[in-house]
Amino acid sequence: MSMPGFNLQPLLEGKLVRLRPLLAADFESLFAVSSDPLVWEQHPERTRYQRDVFQGFFQGAMESKGALLAFDSISGEVIGTSRFTGLDVPNARIEVGYTFLARRCWGKGYNTELKKLMLGHAFQYVNEVYFYIGENNVRSRRAIEKIGAQFIERLERQPKE
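Residues numbered from 1 in each chain as written. Predicted model: local features only at pLDDT ≥ 70, side-chain atom pairs only at ≥ 80, totals over all residues. Heavy atoms only, no water.

The next thing to look at is helix 1 (residues 27-34). Within the sequence span of helix 1, burial applies to Phe 27, Leu 30, Phe 31, Val 33 and Ser 34. Summarising the axial view, the buried residues of helix 1 lie within an arc of 155°, below the 170-degree limit, and thus occupy one face. Check the buried side of helix 1 and you find it contacts helix 2 (51-64), strand 3 (67-72), strand 4 (78-88) and strand 5 (93-101). (Buried < 20%, exposed > 50% of the residue type's maximum accessible area, 1.4 Å probe, protein only. Helix = DSSP H or I, 4+ residues; strand = E, 2+ residues; numbered from the N terminus. Arc of directions from axis to C-beta. Contact = heavy atoms within 4.5 Å.)

Okay, here's the thing in C-alpha cells:
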C-alpha cells in the first residue's frame, strides 16, 4: 500500500541523528550495535542480540521497505535503526517502530530527535502515527512520552521480525 508522495525511506538529518534507507550491506554494522544484550533487556524479544535472531529481524526490516539506518550526525558512526511500517492509506495513518539505539545514545536526546525527524516527515502525509511498544519496555514508553505521545490502548500483538 502506498500513499502518493510518502517516501517510507527518506533521508532525514538533525543535530544528533542522520537517517537513510537501510541496505543489505548494513547488516554487520547494525548487528554490532544490536549485539549488546542490554539493548534488548526490556524488549519482548530479549534474544535479539544473538546473530541468528537478529538475522530474522534484519530480514524483516529489509522486506518492510520502510527501515532506516541511524547514524551519529557528528561521528558518522552507526547507532541503530527505526522504521515506518503499517501504512494505512484509507485512514491516513502509519506506525513508527522497531527502533533501537546503541546504549551510548540513551538519555542523550538521540531517540527524541530520531522520533521527531520521523514524525515531522510522516505528518506531511498522514494524520496519525502509532507506536507499538512492549508492555514491559519502560525505557521506550518514557521516550515516546517525552515527545508528547499518549497511551491509547493495550493490544495483544504477535511480534513481527
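That shown, we press on.
This part is about the pattern of salt bridges. Once their charged atoms are close, side chains differing in charge can pair, the charge on each being opposite to the other. Summed over the entire model, instances satisfying the criterion amount to 8 salt bridges. Between Asp 88 and Arg 93 there is a salt bridge whose closest N-O contact spans 3.2 Å. On the basis of relative accessible area, Asp 88 is assigned to the buried category, the value being 17%. Residue Arg 93 is classed as partly exposed on the basis of its relative accessible area, which comes to 28%. Between Arg 93 and Glu 128 there is a salt bridge, and its shortest N-O distance comes to 3.7 Å. Of this pair, Arg 93 sits in strand 5 while Glu 128 sits in strand 6 (residues 128-130), placing them 35 residues apart in sequence. Look at Glu 128 and you get partly exposed, because its relative accessible area is 32%. Connected through shared salt-bridge partners, Asp 72, Glu 77 and Arg 104 make up one network. (Salt bridge = Lys/Arg side-chain N within 4 Å of Asp/Glu carboxyl O.)

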